[in-house]
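Residue-level structure breakdown
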Amino acid sequence: MSTYNVVAASNESTVVTEYEPQSKRSDAYQSEAALEQAFIRMLEEQGYAYLPIHDNADLVANLRRQLELLNNYTFTDKEWDFFFRDKIANANDGIKEKTRRIQEDNIQNLTREDGSTVNITLLDKKNIHNNRLQVINQYVENGGNYDNRYDVTILVNGCLLYTSDAADEEDSGDSGGRRIINKQKKKKTEETEKKAKV
């Protein structure tokens, strides 16, 4: 099977090179870090840009930059605060509403400070080459009931669209969803033990 490396990409075209991968397959153990780096390297070969983003503040700043580039528009701080709080991270929206917004309602209205309205595109579906693909790793999400660390995260125009978290050392063999459940069970057990001691 052939594999392609991106040499150059523009709005009109993408130039790639072809190479034949070695047919040799490794049966050796590969650490989680090595798997993560291999996955990131594969994404970079497909045109994704790697970013060293590990926390929410940097993620939000990148989202703003990417949406400004995509829309050729510069948000004022007041406009960005409103747009982010109301259109992107609305506390009343769940995962279904946010997914629908990206998939079906990807152009959002922004009322500018002067009262006029401008359309802000989250995802360019007409010309997909306008979208910027990025990959980050070891992103930590704090603030919920539990802290989460995602090994690899894929962003499109700064919008977080996919996260992957391999098993951590404590729960080796468990997937991310089971890791959260195990942490919940562990916390409940600890709370029960504290109550029993009192």
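Residues numbered from 1 in each chain as written. Predicted model: local features only at pLDDT ≥ 70, side-chain atom pairs only at ≥ 80, totals over all residues. Heavy atoms only, no water.

So, helix 3 (residues 77-88)
Along helix 3, the residues that are buried comprise Glu 79, Trp 80, Phe 83, Lys 87 and Ile 88. The buried residues of helix 3 occupy an angular sector of 95° when the element is viewed end-on, so they sit on one face. Away from the buried face of helix 3 by more than 90 degrees, exposed residues Asp 77, Lys 78 and Arg 85 are located. (Buried < 20%, exposed > 50% of the residue type's maximum accessible area, 1.4 Å probe, protein only. Helix = DSSP H or I, 4+ residues; strand = E, 2+ residues; numbered from the N terminus. Arc of directions from axis to C-beta.)

Digging into the pairing of strand 4 (residues 107-111)
Residues of strand 4 alternate between two faces, with Gln 108 and Leu 110 buried on one and Ile 107, Asn 109 and Thr 111 left unburied on the opposite face. Inspection of the sheet shows strand 4 paired to strand 5 (residues 117-121) by 5 bridges, in the antiparallel sense. Note on strand 5: the bridge partner recorded for Leu 110 is Val 118. Counted along the chain from strand 4 to the antiparallel partner strand 5, the turn is 5 residues long, and its residue Gly 115 has a positive phi close to 95°. (Pairing = 2+ DSSP bridges.)

A closer look at the packing of aromatic side chains
Centre-to-centre distance and the angle between the planes together describe a pair of aromatic rings. Scanning the model with the defined rule gives 5 aromatic pairs in all. With centroids separated by 5.6 Å and ring planes inclined at 35°, the aromatic side chains of Phe 75 and Phe 83 adopt a geometry described as tilted. Side by side, Phe 75 and Phe 83 carry an identical accessibility label, which is buried. Among the aromatic residues, ring-to-ring pairing joins Tyr 73, Phe 75, Trp 80, Phe 83 and Phe 84 into one connected group. (Phe/Tyr/Trp six-rings, centres within 6.5 Å; stacked < 30°, edge-to-face > 60°.)

Some points on unusual backbone geometry
The backbone of Asn 72 shows a phi angle near 50°, a positive value even though the residue is not glycine. Positionally, Asn 72 belongs in the loop between helix 2 (56-71) and helix 3. The phi angle at Asn 157 is positive, at roughly 55°, despite the residue not being glycine. Within the secondary structure, Asn 157 is located in the loop between strand 7 (148-156) and strand 8 (159-164). Overall, the relative accessible area of 0% leaves Asn 157 in the buried class.

Some remarks on the pattern of salt bridges
The final tally for this structure, using the stated rule, is 3 salt bridges. By sharing partners, the salt bridges in this structure join Arg 64, Glu 68 and Asp 77 into a single network. (Salt bridge = Lys/Arg side-chain N within 4 Å of Asp/Glu carboxyl O.)

Some words on the sheet that holds strand 6 (residues 133-141)
Pairing within the open sheet is mixed, and its 4 strands lie in the order 3-6-7-8. The sheet is open, and its two edges are formed by strand 3 (49-50) and strand 8, each paired on a single side. Across 8 bridges, strand 6 lies against strand 7 in antiparallel orientation. Along strand 7, the bridge assignment pairs Glu 141 with Asn 148.

Quick look at the confidence of the model for the protein chain
Per-residue pLDDT for the protein chain has a mean of 80; in total, 74% of the residues score no lower than 70. pLDDT under 50 marks residues 167-181. Its contacts with residues more than four places away, or in other chains, come to 19 contacts. (pLDDT = per-residue confidence, 0-100. Contact = heavy atoms within 4.5 Å.)

Observations concerning the packing of helix 2 against helix 3
Taken N-terminus to C-terminus, the directions of helix 2 and helix 3 make an angle of 105°; their axes are 12 Å apart at the nearest point. With respect to helix 3, the element helix 2 is oriented roughly perpendicular. Listed contacts from helix 3 to Val 60, Leu 63, Arg 64 and Leu 67 of helix 2 are Asp 77, Trp 80, Phe 83, Phe 84 and Ile 88. Looking at side-chain class alone, the contact of helix 2 with helix 3 contains 7 nonpolar, no polar and 2 charged residues. (Axes fitted to C-alpha atoms, helices over the stretch in contact; angles between N-to-C directions. Parallel < 35°, antiparallel > 145°, perpendicular 65-115°, else oblique. Nonpolar A, V, L, I, M, F, W, Y, C, P; charged D, E, K, R; others polar.)

Side note on the pairing of strand 7
Strand 7 sits mainly inside the fold: 8 of its 9 residues count as buried. Pairing analysis gives 5 bridges linking strand 7 to strand 8, with the strands arranged antiparallel. Its bridge partner being in strand 8, Val 156 is matched across the sheet by Cys 159.

Here's the deal with the environment of Val 60
Structurally, the position occupied by Val 60 is in helix 2. Residues Val 60 and Cys 159 lie 99 residues apart in sequence; the distance between their C-alpha atoms is 9.0 Å. Dropping the residues within four chain positions of it, Val 60 is found in contact with Trp 80 and Phe 84.

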